[in-house]
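# Structure assessment
Here is how the chains run, residue by residue.
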Amino acid sequence: MNETLERWSTRRAFILAVTGAAVGLGNIWRFPYITGENGGAVFLLLYMAFVLLLGLPMMMAEILIGRAGRRSPMQSLGYLAGQAGASRHWRWLGLFGAFTVFCILSFYSVVSGWSIEFLVAAVNGDFVGRSATEIGADFDAFLADPGRMTFNHTLFLMMTMLVVAAGVAKGLERLNNLLMPLLYLLLLVLAGYAATTDGFAPALAWLFLPDLAAVTPLVMLQAMGHAFFTLAVGACALMAYGAYMPEHQSLSRAVVAVAVLDVTVALLAGIAIFSVVFAQGLDPGEGPGLMFVTLPVAFADLPGGPLWLSLFFLLLLLATWTSSINLAEPMVAILQGWGLRRKAAAAVVGVVVWALGMLSVLSFSSLAESRVLFGMNPFELVSSIPPEVFLPLGGLLIAIFAAWVMPEETSRRALDAGPNGFRVWRALVRWVSIPLTLIVLLAGLI
Ligand code: TRP
């Protein structure tokens, strides 16, 4: 297939689309809860280090492949491999990535469905006057109700697949970018409010004073996986966006801007959530329900609480929407490449993801105690193995392809960072990102 001629209309449009993919549940829901489960500051420190040493350079690697190939991920990989005289089997990396985000989307949709439930509850004022314990109990009751969970999961996935089918993601992205600053502002207000509570000082200490003795291979593996997850790297999903990059735009600058934004959203959410946790004597290691229990409690204390809380869940939903579109895109693009029309491809992906997602829905009720693999139930399995193992593995192969396989001239041009910038990037990928990912993966898996 030939090069695509389509381009993002402006440089900003590209940055905004990548930010839309990056900022989502990973920042506001997943980051606080796995940080809570992994002892706080140590996890945060490792995660930041991995964002810098692996996330950023690999994000550049992934996007530059798309930019150089100017085709869908599988086709770009195959085409560039051919150009370099390497095996065309590299294109299967695109399929592996699509499979990874496919698994991720299955639980992502379920958890985004929780936001729908909470949005409705917030609008109804259901949290007014409720204590942290009561809100926790209500949440547990909701999780134990497969009917309501299924409804929300179905609704969210339909919202996603409709946008994907219509191919109007850019419209949604624009809306998202209009409203994202508002989400940011709300998180700032929340963190500011957190600073006035008794929980603020213990929260900061817990988040920023690492106990290095707590570093284990498994904590490292999880921190690495989260760095990939939050930046949307390692599954060729950003590669697709790179194909539409304009000729003259600095990839490194764009990627740094996105990463800074992404990490600050997570930090603000973390500060807000853990202040409430410590002020209310909750358990930081509470698990996937952490954000859903603490934020309603935090907002309940603020003047105009229900209104702010409704707005917050609305914005969160919008942020997860643009992320889930990015998650669905690789699989749909591949089916399209195999001859399906876009609408049919979106329908097929939607139905299969929905069915897989049902296993996650039931993991909070009838399947809670089932041990499918490695002692985990289906939700625990899809929400840990694809982000923590598949994404780093995909990222590793993407990095090897960009830094070792592609002809130097091609990758230098696609990075567009000047000869010195290119040398620094390639040295970092070759001698830091690739070996480090390999070591952490092996250490964590053995
Ligand atoms: N980064 C998103 C989040 O933090 C999730 C996401 C979107 C993603 N697209 C991706 C993760 C591609 C991995 C690969 O919520």
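None of these values were measured; they are calculated from a predicted model.

## Thoughts on the site of the ligand
Not every one of the 16 residues close to the ligand is listed here, only the nearest: Ala22, Gly26, Tyr108, Phe229 and Asn326. Here a nitrogen atom of the ligand sits 3.2 Å away from a polar atom, N or O, in the main chain of Ala21. Taken by itself the ligand offers 370 Å² of open surface, and the protein chains cover 100% of this. Elements that contribute at least two residues to the shell around the ligand include exactly α1 (11-22), α2 (25-37), α5 (92-123), α10 (217-231) and α14 (305-337). Across the shell around the ligand, the residue classes break down as 10 nonpolar, six polar and no charged.

## Description of the packing of helix α7 (residues 146-166) against helix α15 (residues 342-362)
Viewed as axis vectors pointing N to C, α7 and α15 meet at an angle of 155 degrees, and their least axial separation amounts to 10 Å. Judged on the interaxial angle alone, α15 and α7 are roughly antiparallel. Once α7 is placed against α15, the crossing between them reads as right-handed. Counted together, Pro146, Met149, Thr150, His153, Thr154, Leu157, Met161, Val164 and Ala165 of α7 and Arg342, Lys343, Ala346, Val349, Gly350, Val353, Trp354, Gly357, Met358, Val361 and Leu362 of α15 form the full contact between these two elements.

## Here we look at the confidence of the model for the protein chain
Of the residues in the protein chain, 98% reach a pLDDT of 70 or more, and the chain-wide mean stands at 92. Confidence scores differ between elements of the protein chain, with helix α8 (residues 169-194) showing the lowest mean pLDDT of 80 and helix α17 (residues 385-405) the highest of 97.

## Things to note about α10
With 15 residues, α10 ought to run about 21 Å at 1.5 Å a step, and its terminal C-alpha atoms sit 21 Å apart, in line with that. Summarising burial for α10: 12 of the 15 residues are buried, a large majority. The complete set of buried residues in α10 reads Val219, Leu221, Gln222, Ala223, Met224, Gly225, His226, Ala227, Phe228, Phe229, Thr230 and Leu231. One or two positions beyond α10, positive phi appears at Ala232, with a value near 65 degrees.

## Some words on the environment of Ala61
Looking at the element boundaries, Ala61 is found in helix α3 (residues 41-69). For the pair formed by Ala61 and Ala403, sequence separation is 342 residues and the distance between their alpha carbons is 7.6 Å. Discounting residues that sit within four places of it in the chain, Ala61 has contacts with Ile398, Ala399, Ala402 and Trp425.

Basis of the calculations
- Residues numbered from 1 in each chain as written.
- Predicted model: local features only at pLDDT ≥ 70, side-chain atom pairs only at ≥ 80, totals over all residues.
- Heavy atoms only, no water.
- Near = heavy atom within 4 Å.
- Polar contact = N/O pair within 3.5 Å; in protein donor to acceptor, adjacent residues only side chain to side chain.
- Areas by Shrake-Rupley, 256 points an atom, 1.4 Å probe, with all protein chains shown as cover.
- Helix = DSSP H or I, 4+ residues; strand = E, 2+ residues; numbered from the N terminus.
- Nonpolar A, V, L, I, M, F, W, Y, C, P; charged D, E, K, R; others polar.
- Axes fitted to C-alpha atoms, helices over the stretch in contact; angles between N-to-C directions.
- Parallel < 35°, antiparallel > 145°, perpendicular 65-115°, else oblique.
- Left-handed = near helix turned anticlockwise from the far one by under 90°.
- Contact = heavy atoms within 4.5 Å.
- pLDDT = per-residue confidence, 0-100.
- Expected span 1.5 Å × (residues − 1).
- Buried < 20%, exposed > 50% of the residue type's maximum accessible area, 1.4 Å probe, protein only.

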